[in-house]
Structures are given as structure tokens and as C-alpha cells.
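# Per-entry structural report
Residues per chain are reported as follows:
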Amino acid sequence: MLSRTLLLTAAIPALIAYASPVSAAQLKTVASFTVLADVVKQVGGNHVTVTSLVKPDGDPHEFEPSPSDAKNLKAADVVFVSGLGLEGWMDRLISASGYKGTPVTVSQGIKTREMDEDGKTVTDPHVWNSPVNVKIWVENVETALAAADPADKDDFKANAQAYLKKLDDLNSFAHAKFDSIPEDRRKVLTSHDAFGYFGREYKITFLSPLGVSTETEASAGDVAKLIEQIKTEHVKTYFFENSNDPRLVKQVAKATGAQPGGELYVESLSKAKGPAPTYEKMFRYNIEQIAAAITKSS
């Protein structure tokens, strides 16, 4: 009996040596909106929990933070924002929450585009509508996560590299869809001016009654000019957006004869059971919708 006990005692260190190590606590991360939250999750993998402040189908321009958002922000190890003026509410939320850190601005390093907004030159914040730009997001997210959790930096790097490959595939898929369509046919009407980077990458003209932010209001004169432009340029397809009121774009479409092309996911992912629950699915879905509509109208 004694020898049996001694054998078991001797075996315990060996069992411990082969046991799976207890995983370190996950980094608590907060992202400003769902598109960015998904990218953070792709890079962070099992080492992070990600909370999106703006929820699925939500508008990041008109977001109104709640007390629970302030609580999540204060508890975060790392906070990610896109920047470039998208999250105009973030400074107020930081002050209200007591969060002491500095958010990571993932759009830093992207070649931005300028646009006119009510007579002023502003930077277009909708950088994620080109996967070429999201590659820079990925690099910035990886750097921030590795700094916060150096022990898992190799996993972050491997996740980032795998996701960069997916982004290259998305870009190739988009070019394959659009490059064969004559450029003078690549014109669509959308709710607001959020597809500038998409248009720049794939040479598509997007017209919209609203400017860079959904918080702006289109004047009667602006709408009249847009209607005239659509008629002149023979724009035949319109889309509304999952996070915006579609009434204005439908009004413009009715006046011009443009036909509906469906719904696009521009600034927000869909809920889990929708067609765009991840950035990869969102971008692929938008490509297929736009390409099908343009091809049909051509």
C-alpha cells in the first residue's frame, strides 16, 4: 500500500508538467463600432474580448452613448477608434466614463481623401470601405495588442497575417467584379457620401443627397442639383443603407427614375443572422449587390 502511495505521489509532478497551462486573462478591448470590433477580434482571437459601443445596424455618426457604454469604456484595457472625425461623441464619453487611457486610432497611416462639406474641406472618415485601408487597421491593431499583451504577440502576428491574406482576396474579388464594366456605367445613388474610398479603389461614382455625415441635412437646392446630375449622368440604380433613414434617397430615386438595387452595409455590420455579420461578409455582400445592379442597368 505504501509503495502504491509513493508511486502516485511521484507521478503527480509529471501529470502537472503535461497539463494544459491555465490561459492568461483575456484583454478587455472596446471598439467604437461593429466594423472595427470585428477586425479587432480577427487579430486578437482567443486572447481578447471585444465590446462594440455602436451596436449592429447602428449609425456611428449619430450614436448616443449610454451609462453601460461608459462602464465598458472605463473597464477596457485597450480602446480602438477609427478616427478622422467619425466618432465625434468619443471625447465626451471618455470624460463621462473616467477612462484614463488613450484610444488607439487605427486609421493612422491611411492615405485619406478630402471632400467638400457645406463649403468646407473635410477628411472622409469611411476608410474601411476599401480593404486596402483595412490592412493598415490590421497592422495598427496588431501593434497595440502586442504592446498590451507581449506574451501573445506571436499569436497576434499570425492572426494578422492570415487576415491580411483575406483582405487581399477581397480586393482581388472586387476588381474581378468591376474591372470588366465600362467606367461610364459604374454609377450608383446611395443615402450619404460613405463610399468614397470604395469608389476611388474600383473607379465607381457614388452620388448621394447627404454628405460625409448623416447628421447633416440636405437642402432643397442640393437635392434639386443632385436630381439634375443623376438625370444628366444617367444613373439608373439606387441603394439605401442598413443604418440610415432611406426616405430621402427614395425621394430622389422617384424623381429620377432610378431603380432599387437593394440594401448596403456601409457603416455597420448586420446582426448575427443577417447577411453581413463580419467585415469580410459585409464587403463581399456589398460588392455583389453593387456589381449585380450596375450590370443589370447596363
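What comes next concerns the included structure. (Residues numbered from 1 in each chain as written. Predicted model: local features only at pLDDT ≥ 70, side-chain atom pairs only at ≥ 80, totals over all residues. Heavy atoms only, no water.)

## As for the environment of Asp38
For the record, the criterion: Put simply, DSSP H or I for four residues or longer makes a helix, DSSP E for two residues or longer makes a strand, and each gets a number counted from the N terminus. Three labels apply to residues, based on accessible area from a 1.4 Å probe with only protein chains included: buried if under 20% of the type maximum, exposed if over 50%, partly exposed otherwise in between. In this description, contact between two residues means that some pair of their heavy atoms is separated by no more than 4.5 Å.
Note that Asp38 resides in helix 2 (residues 34-44). Residue classification places Asp38 among the buried residues on the basis of a relative accessible area of 10%. In this structure, the C-alpha to C-alpha distance between Asp38 and Thr278, residues 240 residues apart in sequence, is 6.1 Å. What Asp38 contacts, discounting residues up to four positions off in sequence, is Tyr163, Leu269, Thr278 and Tyr279.

## Description of the environment of Asp184
Tracing the backbone shows Asp184 in the loop between helix 6 (153-178) and strand 7 (187-189). Placed 21 residues apart in sequence, Asp184 and Thr205 show a C-alpha to C-alpha distance of 8.7 Å.

## Overview of the pattern of salt bridges
Where we set the bar: In the sections that follow, a salt bridge refers to a side-chain nitrogen of Lys or Arg positioned within 4 Å of a carboxyl oxygen of Asp or Glu.
Tallied over the entire structure, the rule returns 4 salt bridges. Between Lys135 and Asp168 there is a salt bridge, and its shortest N-O distance comes to 2.8 Å. Residue Lys135 is found in helix 5 (residues 131-148), and its partner Asp168 is found in helix 6; the two are separated by 33 residues along the sequence. Asp168 sits in the partly exposed class, given a relative accessible area of 33%.

## Section: the packing of helix 2 against helix 6
Any two packed helices are characterised by how steeply their axes cross, that is the angle between the axes, and by the distance between the axes. For the record, the criterion: For helices, the axis comes from a line fit to the C-alpha atoms of the stretch in contact; other axes are also lines fit to C-alpha atoms, and the angle between any two N-to-C directions lies between 0 and 180 degrees. Oblique is the label for any angle not covered by the other classes, which are roughly parallel (under 35 degrees), roughly antiparallel (over 145) and roughly perpendicular (65 to 115). In the scheme used here, Gly and all other residues not listed as nonpolar or charged are polar, with Ala, Val, Leu, Ile, Met, Phe, Trp, Tyr, Cys and Pro taken as nonpolar and Asp, Glu, Lys and Arg as charged.
Contact geometry for helix 2 and helix 6: axes closest at 7 Å, N-to-C directions at 125 degrees. For the element pair helix 2 / helix 6, the angle class is oblique. Mapping the contact onto sequence places Asp38, Val39, Gln42, Val43 and Gly44 in helix 2 and Phe156, Asn159, Ala160 and Tyr163 in helix 6. The residue inventory of the contact of helix 2 with helix 6, partitioned by class, reads 5 nonpolar, 3 polar and 1 charged.

## Focus on the nonpolar core
The following threshold applies: As used in this record, nonpolar core signifies buried Ala, Val, Leu, Ile, Met, Phe, Trp, Tyr and Cys residues forming a set joined through side-chain atoms within 4.5 Å.
Of all hydrophobic cores here, the largest spans 69 residues; its most connected members are Trp128, Trp137, Phe178, Phe198, Tyr279 and Ile290. Discounting residues that sit within four places of it in the chain, Trp128 has contacts with Phe33, Val35, Ser82, Leu86, Val134, Trp137, Val266, Glu267, Tyr279 and Met282. Listed in part, the 5 residues of the second largest apolar core include Leu189, Leu207, Val235 and Tyr238.

## Describing the pairing of strand 3 (residues 78-81)
What counts, and what does not: Here, strands pair whenever DSSP counts at least two bridges between them.
The side-chain alternation of strand 3 yields two buried faces, one formed by Val78 and Phe80 and the other by Val79 and Val81. One ladder, built from 3 bridges, connects strand 1 (residues 27-31) with strand 3; its direction is parallel. Across the sheet, the residue bridging to Val30 is Val79, located in strand 3. Relative to strand 4 (residues 104-105), strand 3 runs parallel, the two sharing 2 bridges. Counterpart to Val81 in the pairing with strand 4 is Thr105.

## Here's the deal with the sheet that holds strand 3
Sheet architecture is open: 4 strands sit in the order 2-1-3-4, paired in parallel fashion. With one partner strand each, in any of the chains shown, strand 2 (48-52) and strand 4 form the two edges of the open sheet. Contacts between helix 2 and the sheet are confined to strand 1, strand 2 and strand 3, with strand 2 contributing the most and set at about 175 degrees to the helix. Packed onto the sheet, helix 5 meets strand 1, strand 2, strand 3 and strand 4 and runs at close to 170 degrees relative to strand 3.

## Concerning the pairing of strand 5 (residues 114-117)
Side chains Met115 and Glu117 project from strand 5 onto a buried face, and the interleaved Glu114 and Asp116 project onto a face without burial. Looking at chain direction, strand 5 and strand 6 (residues 120-123) are connected through 4 bridges and run antiparallel. In the strand pairing of strand 6, Asp116 is matched with Thr121.

Everything listed here is a matter of coordinates, which is why it stays silent on function.
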